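Structural overview
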Amino acid sequence: MSHHTARAPEATWVARWAGALLCLAVAAIHVVDQGGISATRDPYYIGVAYHVLEIAAVVAAVLLLIGLVRLGWLLAAMVAVGPLLGYILSRGPGLPDYSDDIGNWTEPLGLVSLAVEGVLLLLPYARITRDVDVPAGAHGDDRHVSRDQPAPQRLHARSGRGAEAVLGLHTAAQ
């Protein structure tokens, strides 16, 4: 199996399903906010951004579920960061031709969206740090952990697995 078509190991299914469901939740929230799947927000560029986000969220979910996790997690991160940035800009300084939401920081659907996007953004980070906190020697061997090592090597030394394996980015044994 080539590295381009490598699939993630089965052990990462829970995180991948959670990521996929969160991506779909981001899409659903934005469909509701725009007034339906066929509706478009004004100004035009905001409506287009909503549709692009919704499509990207569905694609990210599919990528995570079929096991193309590198691209899936990257796209999921963009699905989380894009609306977070849009929320801050639209409520803070405003956007060109769009000032309706300036100061509207407590809109309920917006707050739900922020929560979902925040969890989606932190999910891969939480999976990595879960294994980083394993103390040296906890595996019954003499693995040496040095802060001078780059993070992936520290993770591998502490947990016996690299960051790629923790996120499901490492391919299964060939």
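Residues numbered from 1 in each chain as written. Predicted model: local features only at pLDDT ≥ 70, side-chain atom pairs only at ≥ 80, totals over all residues. Heavy atoms only, no water.

Remarks on helix H1 (residues 13-34)
Cut-off, in case you're wondering: Think of it this way: any DSSP run of H or I at least four residues long counts as a helix, any run of E at least two long counts as a strand, and we number them from the N terminus. A helix is expected to span 1.5 Å for every residue after the first. The cut-offs for exposure are 20% and 50% of the maximum accessible area for each residue type, with area from a 1.4 Å probe on protein chains only; residues under the lower value are buried, those over the upper are exposed, and the others partly exposed.
Taking 1.5 Å per residue as the helical rise, H1 with its 22 residues ought to reach 32 Å, and the 32 Å between its terminal C-alpha atoms agrees with that figure. Ala15, Arg16, Gly19, Ala20, Leu22, Cys23, Val26, Ala27, Ile29, His30, Val31 and Gln34 are the residues of H1 that are buried. Once H1 ends, the next one or two residues include Gly35, with phi positive near 95°.

So, the packing of helix H2 (residues 44-66) against helix H3 (residues 69-91)
Definition in use: Interaxial angles span 0 to 180 degrees and are taken between N-to-C directions of axes, which are lines fitted to C-alpha atoms, for helices over the stretch in contact. Here roughly perpendicular refers to angles of 65 to 115 degrees, roughly parallel to angles under 35, roughly antiparallel to angles over 145, and oblique to all remaining angles. Crossing handedness is defined as follows: a turn of the near helix away from the far one that is anticlockwise and smaller than a right angle gives a left-handed crossing, while the clockwise case is right-handed. Residues count as neighbours in contact if any of their non-hydrogen atoms are within 4.5 Å of one another.
Two numbers describe how H2 lies on H3: the axes approach to 8 Å, and their chain directions differ by 150°. In terms of orientation, H2 and H3 fall into the roughly antiparallel class. The two elements H2 and H3 cross, and the hand of that crossing is left-handed. Here Leu53, Ala56, Ala57, Val59, Ala60, Leu63 and Leu64 of H2 lie close against H3, whose contacting residues are Val69, Leu71, Gly72, Trp73, Leu75, Ala76, Val79 and Pro83.

Comments concerning the confidence of the model for the chain
Our working rule: Along the chain, pLDDT gives the predictor's confidence residue by residue, from 0 to 100.
In the predicted model, the chain carries a mean pLDDT of 79, and 66% of its residues have values of at least 70. Mean pLDDT in the chain bottoms out at helix H5 (residues 151-159), which sits at 48, and peaks at H2, which reaches 96. Note that pLDDT drops below 50 for residues 1-6; the model gives that stretch seven contacts with residues more than four away or on any other chain.

Looking at the environment of Gly72
Turning to its location among the elements, Gly72 is positioned in helix H3. Between the alpha carbons of Gly72 and Gly19 there is a distance of 8.9 Å; along the sequence they are 53 residues apart. Not counting residues within four places of it along the chain, the set of residues in contact with Gly72 comprises Ala60, Leu63 and Leu64.

Looking at the side chain of His30
Positionally, His30 belongs in helix H1. Once residues lying within four places of it in the same chain are set aside, the contact partners of His30 are Tyr50, Leu53, Glu54, Pro83, Ser113 and Glu117.

Looking at the packing of aromatic side chains
The following threshold applies: Aromatic rings from Phe, Tyr and Trp, taking only the six-membered ring of Trp, are treated as a pair when their centres fall within 6.5 Å; an angle between ring planes under 30 degrees marks them as stacked, one over 60 as edge-to-face, and anything in between as tilted. In our convention, an over-ring charge means Lys NZ or Arg CZ found within 6 Å of a ring centre and within 35 degrees of that ring's normal.
Following the criterion strictly, the structure yields two aromatic pairs and no others. Taking the centre distance of 5.9 Å and the plane angle of 70° together, the rings of Tyr87 and Trp105 count as edge-to-face. Of the two residues, Tyr87 sits in helix H3 while Trp105 sits in the loop between H3 and helix H4 (108-132), which places them 18 residues apart along the sequence. Looking at Tyr87, the relative accessible area reads 8%, which means it is buried. One Lys or Arg, Arg16, reaches over the ring of Trp13 and ends 4.3 Å from the middle of that ring.

Focus: the environment of Ala115
Looking at the secondary structure, you find Ala115 in helix H4. Ala115 sits 31 residues away from Leu84 along the chain, and the two C-alpha atoms are 9.7 Å apart.

Regarding the packing of H1 against H2
The cut-off we apply is this: For this classification, Asp, Glu, Lys and Arg are treated as charged, while Ala, Val, Leu, Ile, Met, Phe, Trp, Tyr, Cys and Pro are nonpolar and the rest, including Gly, are polar.
Taken N-terminus to C-terminus, the directions of H1 and H2 make an angle of 165°; their axes are 8 Å apart at the nearest point. It follows that H1 is roughly antiparallel to H2 by the angle criterion. Viewed along their axes, H1 and H2 form a crossing whose handedness is left-handed. Taken together, the residues of the contact of H1 with H2 sort by class into 17 nonpolar, four polar and three charged.

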